[in-house]
Amino acid sequence: MFLQNNENRSVADFFPHDIGLFLSHGFYIHNDLFKKVYQFMHYSIIIPAYNEEELLPKTLEAINKAMAGIGRYSGEVVVTNNNSTDRTAEIACEYGAKVVFESFQQISRSRNVAAIAAKGKYLIFTDADTIISRELIEKSLDLMASGDVCAGGALVEFINSDLQTKKLSKWWNVFTRKMKVACGAYIFCHKKDFIEVGGFNEKIYASEEIWFGRKLKKLARKRHQKFIIVSIPIQTSARKMEWFSPWQLFWQVLPMIFCPWLVRSKRFCDLWYKRPEIKEKK
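Below is a summary of the structure that appears in this document.

Cut-offs used in this document
Residues numbered from 1 in each chain as written. Predicted model: local features only at pLDDT ≥ 70, side-chain atom pairs only at ≥ 80, totals over all residues. Heavy atoms only, no water. Helix = DSSP H or I, 4+ residues; strand = E, 2+ residues; numbered from the N terminus. Contact = heavy atoms within 4.5 Å. Areas by Shrake-Rupley, 256 points an atom, 1.4 Å probe, with all protein chains shown as cover. Polar contact = N/O pair within 3.5 Å; in protein donor to acceptor, adjacent residues only side chain to side chain. Phe/Tyr/Trp six-rings, centres within 6.5 Å; stacked < 30°, edge-to-face > 60°. Buried < 20%, exposed > 50% of the residue type's maximum accessible area, 1.4 Å probe, protein only. Lys NZ or Arg CZ within 6 Å of the ring centre and 35° of its normal. Expected span 1.5 Å × (residues − 1). Salt bridge = Lys/Arg side-chain N within 4 Å of Asp/Glu carboxyl O. Core = buried A, V, L, I, M, F, W, Y, C linked by side-chain atoms within 4.5 Å.

**Here we look at the overall build of the protein chain**
Right, on to step 1. When you go through the protein chain residue by residue, the secondary structure sums to eleven helices and ten strands.
Right, on to step 2. Across the protein chain, contacts joining residues at least 24 apart in sequence account for 73% of those joining residues at least 6 apart.
Right, on to step 3. Total accessible area on the protein chain is roughly 14700 Å²; 57% of this is exposed by carbon and sulfur atoms.

**Considerations on the side chain of Thr236**
Right, on to step 1. Mapping Thr236 onto the fold places it in strand S10 (residues 226-237).
Right, on to step 2. Within the structure, the side chain of Thr236 is placed 2.9 Å from the side chain of Thr130, a separation counted as a polar contact.

**Let's talk about the packing of aromatic side chains**
Right, on to step 1. One pass over the full model with this rule turns up ten aromatic pairs.
Right, on to step 2. When the centroid spacing of 4.1 Å and the interplanar angle of 35° are considered together, the rings of Phe200 and Phe212 count as tilted. Residue Phe200 is located in the loop between helix H8 (191-197) and helix H9 (208-223), and its partner Phe212 is located in helix H9; the two are separated by twelve residues in the primary sequence. No difference in accessibility class separates Phe200 from Phe212, as the two residues are buried.
Right, on to step 3. One aromatic cluster in this structure is built from Phe125, Phe194, Phe200 and Phe212.
Right, on to step 4. Here the guanidinium or amino end of Arg111 rests over the ring plane of Phe200, the centre of that ring lying 5.2 Å away.

**Comments concerning helix H3 (residues 56-68)**
Right, on to step 1. Over its 13 residues, H3 extends 18 Å from the first C-alpha to the last, a length consistent with the 18 Å expected when each residue adds 1.5 Å.
Right, on to step 2. Buried residues of H3: Leu56, Pro57, Thr59, Leu60, Ala62, Ile63, Ala66 and Met67, and no others.
Right, on to step 3. Where H3 is buried, its residues meet strand S3 (43-49), strand S4 (75-81), helix H4 (88-94), strand S6 (122-126), strand S7 (130-131) and helix H6 (134-146).

**With respect to the pattern of salt bridges**
Right, on to step 1. Inspection of every chain in the model, using the stated rule, returns 13 salt bridges.
Right, on to step 2. For Asp142, the salt bridge identified is with Arg72, shortest N-O distance 3.0 Å. Taken together, the residues span a long stretch of sequence, with Asp142 in helix H6 and Arg72 in the loop between H3 and S4 at a distance of 70 residues.
Right, on to step 3. Under the relative-accessibility criterion, Asp142 is labelled partly exposed at 30%.
Right, on to step 4. Each of Arg72, Arg134, Glu135, Glu138 and Asp142 takes part in salt bridges that share partners, so that together they form one network.

**Some words on unusual backbone geometry**
Right, on to step 1. With a phi close to 55°, Lys180 is a non-glycine residue in the positive phi region.
Right, on to step 2. Positionally, Lys180 belongs in the loop between helix H7 (163-179) and strand S9 (186-190).
Right, on to step 3. Take Lys180: its relative accessible area is 32%, and that puts it in the partly exposed class.
Right, on to step 4. A positive phi is found at Ser207, a non-glycine position, where the angle reads about 60°.
Right, on to step 5. Note that Ser207 resides in the loop between H8 and H9.

**Let's talk about the side chain of Ser44**
Right, on to step 1. By the element assignment, Ser44 lies in strand S3.
Right, on to step 2. Side chain to side chain, Ser44 and Glu76 meet in a polar contact 2.6 Å long.
Right, on to step 3. Among residues more than four places away in sequence, those in contact with Ser44 are Glu76, Ala118, Lys119, Gly120, Tyr122, Leu123 and Ile124.

**Details of the nonpolar core**
Right, on to step 1. Core analysis: the largest hydrophobic core is formed by 34 residues, its most contacted members being Tyr43, Ile45, Ile47, Val77, Ile137 and Ile234.
Right, on to step 2. The next biggest cluster of nonpolar side chains, apart from the first, holds 26 residues, and it includes Val78, Phe125, Cys150 and Phe212.

Following this line, the structure appears as structure tokens:
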């Protein structure tokens, strides 16, 4: 898809000085127009959404409240309506978000199209079932604005979780701190770096945040910058643990551990796309 064939190109290739720039999907914007449109937006919060009318209002309400408390940075929310059949797009508009449409159901592409439409210098990727605080957003922005940090993520807390799920989040937070692996529910980076590394890999249907993070960490090392896991946690739903049994989750993930190329098949990644509460329309 749009950036996957450009992984070896530099930011300069996407931002030529004289003739303008090409922002994929056929959008050609002259530099003068680019400066007028983009220079006053500090950050964009990006949310991919497919049939999220139940949880999206609470997520957007929390984000709007958090953004209202951040006076030093101007921001926007961009929601990708990933071919939803419910009121996801209408709800996003009601809460003041910019809505972009993507018909092909894939998490990577959904995030990429929103990132390209985003005006912010800094990008924050989160999920429709995730609550992020003012403190976390502001800390992420401060880190990127410092010039010392290329990208990063945050710790995780599950909402209304049982003991087993709490243990899982505790294990994950130990792992993410040590290995510097950002979960898909919260990743932040500079937009120019998003473009330079090629965005999220659209050849895979799961674990895209891991590969995206690896490319950002490589870029950070090259520049002598840091990839940071912020100690302020997000709050996200444990709905997959409610939808699927532990054995279902185990047998879904196990083959991918030993055969990682399976993430290229949507059929083997249906854990990330199957929505038991949604009845498919014929």
